[in-house]
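Structural overview
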Amino acid sequence: MSENQNLLAEQRRALIVDEVRRRGGVRVNELTRKLGVSDMTVRRDLDALARQGVLEKVHGGAVPVVEASTHEPGFEAKSGLELTAKEDIARAAAELVAAGSAIALSGGTTTYALAQHLLDVPDLTVVTNSVRVADVFHVAQRTSGQRQGAATVVLTGGVRTPSDSLVGPVADQAIASLHFDLLFLGVHGISLEAGLSTPNLAEAETNRRLVHSARRVVVVADHTKWGTVGLSSFAKLEQVDTWVTDTGLPEEARAEVSEHVRQLVVAGEPEDTDADPDTDPHGNEDDGSEG
């Protein structure tokens, strides 16, 4: 029962945040009608969201937090947001990883979720500048013992950021000498104008090195990152091979993104089963030249 209650609370709070951002503010009585819950439940949700720093409580309701482009929330503050979306994204992104690959995971709560889905992929080499991501693999090895096919993890050095990423010259130098099949990149913000951005100047440079060292760049970011711009841009949308996001991304944004990113994967959406993707109506094999 407690798991169901947590899931419902998570869904409610995600809806509240979306409503506040979309409308620029909401009143408690509006939320009680929209969500079908009590006044007390809404106020508890607003208290929790205010503690996480994603909105500001005002008399009778809530408004968005006006953040400077240099504001960087800590890992704990971000870890409780969009949990269902992050889990959907992580599951979809894990399907892109083949056994024996050399992959890189940047810092972030979504890459952290992804790491947990990669524990059973054999013979991975994982390079990361995230203390949290490295811990996922190290804890798994400690609890299950040394098992055949366990990932080899390389943690870069560097200076620790509020999001528990390691950045700076030490990290940059380590990454510059490496080459990855896949880079899974968490971002603070993504937009048409600014591309991929972060509030942290040192992290921006480290992310540039990660992008440069990857054969394929996969951004893992939920819909709330769309339209957010941090202080420093580190990659253009055209440098992104795949963006794995969630169903909350509006159709208009999907159309805009698809003009710049090679592939947009919307995790959690049902697949189209009306047609066989391997053949055309004439029985010819699909050579993959479209889409």
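The following refers to the structure shown. None of these values were measured; they are calculated from a predicted model. (Residues numbered from 1 in each chain as written. Predicted model: local features only at pLDDT ≥ 70, side-chain atom pairs only at ≥ 80, totals over all residues. Heavy atoms only, no water.)

Helix and strand content of the protein chain: 10 helices and 15 strands. Looking at the 291 residues of the protein chain, the share that counts as buried comes to 46%. Counting contacts in the protein chain only where the partners sit at least 6 residues apart, residues at least 24 apart contribute 64% of the total. Approximately 15,200 Å² of the protein chain is accessible, and the part contributed by carbon and sulfur atoms is 48%. (Helix = DSSP H or I, 4+ residues; strand = E, 2+ residues; numbered from the N terminus. Buried < 20%, exposed > 50% of the residue type's maximum accessible area, 1.4 Å probe, protein only. Contact = heavy atoms within 4.5 Å. Areas by Shrake-Rupley, 256 points an atom, 1.4 Å probe, with all protein chains shown as cover.)

When the terminal C-alpha atoms of helix H5 (residues 83-94) are compared, their 16 Å separation across 12 residues agrees well with the 16 Å that a helix rising 1.5 Å per residue should span. Along H5, the positions that sit buried rather than exposed are Ala85, Lys86, Ile89, Ala90, Ala92, Ala93 and Ala94. (Expected span 1.5 Å × (residues − 1).)

This brings us to the pairing of strand E11 (residues 195-198). Where strand E10 (residues 189-191) and E11 come together, three bridges link them in antiparallel fashion. Residue pairing for E11: Ile190 is matched across the bridge by Leu196. Where E10 folds back on E11, the antiparallel hairpin that results is connected by three residues. (Pairing = 2+ DSSP bridges.)

Attention now goes to the nonpolar core. By size, the foremost hydrophobic cluster in this structure holds 27 residues, and its most contacted members are Leu105, Leu118 and Phe184. When residues of this core are traced back to their parent elements, those giving at least two are H5, strand E4 (102-105), helix H6 (109-117), helix H7 (131-144), strand E9 (182-185) and strand E12 (217-220). A per-element tally of this core places H5 first, with five residues. When residues no more than four places from it in sequence are discounted, the contact partners of Phe184 are Ala93, Leu96, Val97, Ala104, Leu105, Ser106, Thr111, Leu114, Val218 and Val220. Counting residues in each nonpolar core, the second largest holds 26 residues, with Ala104, Leu196, Ala204 and Val240 among its members. (Core = buried A, V, L, I, M, F, W, Y, C linked by side-chain atoms within 4.5 Å.)

Pairing is antiparallel across the open sheet formed by three strands, whose spatial order is E10-E11-E13. Single-partner strands in this sheet number two, and they are E10 and strand E13 (232-235). In this sheet, adjacent strand axes meet at a mean angle of 35 degrees when their direction is disregarded. Together, E11 and E13 form the strand contacts of helix H9 (residues 201-212), whose direction differs from that of E13 by roughly 5 degrees. (Axes fitted to C-alpha atoms, helices over the stretch in contact; angles between N-to-C directions.)

Right, let's talk about the side chain of Thr41 for a bit. Structurally, Thr41 is set in helix H3 (residues 39-51). Taking relative accessible area as the criterion, Thr41 reaches 14% and is therefore assigned buried. For Thr41, the side chain forms a polar contact with the side chain of Ser38, separated by 3.0 Å. (Polar contact = N/O pair within 3.5 Å; in protein donor to acceptor, adjacent residues only side chain to side chain.)

Taking strand neighbours across the sheet as the criterion, the seven strands line up as E6-E5-E4-E9-E12-E14-E15 in an open arrangement whose pairing is parallel. A strand with exactly one partner marks an edge of an open sheet, and here the two such strands are strand E6 (152-155) and strand E15 (263-267). Strand-to-strand, the axes of this sheet are offset by a mean angle of 20 degrees, without reference to chain direction. Direction of pairing for E12 relative to strand E14 (residues 242-246): parallel, over a ladder of three bridges. From the neighbouring strand, Val218 faces E14, where its bridge partner is Thr242.

So, on to the pattern of salt bridges. Overall, the coordinates contain 14 salt bridges when judged by the stated rule. Here Asp47 ties to Lys57 by a salt bridge, and the two come within 2.6 Å at their closest N and O atoms. Separated by 10 residues along the polypeptide, Asp47 in helix H3 and Lys57 in strand E2 (residues 55-58) bring together distant segments of the chain. On the accessibility criterion, Lys57 (36% relative accessible area) is partly exposed. Between Arg160 and Asp164 there is a salt bridge, with its nearest N and O atoms 3.1 Å apart. Under the relative-accessibility criterion, Asp164 is labelled buried at 9%. Put simply, Arg12, Arg13 and Asp45 are held in one network by salt bridges that share partners. (Salt bridge = Lys/Arg side-chain N within 4 Å of Asp/Glu carboxyl O.)

What is shown is where atoms sit, not what they do.
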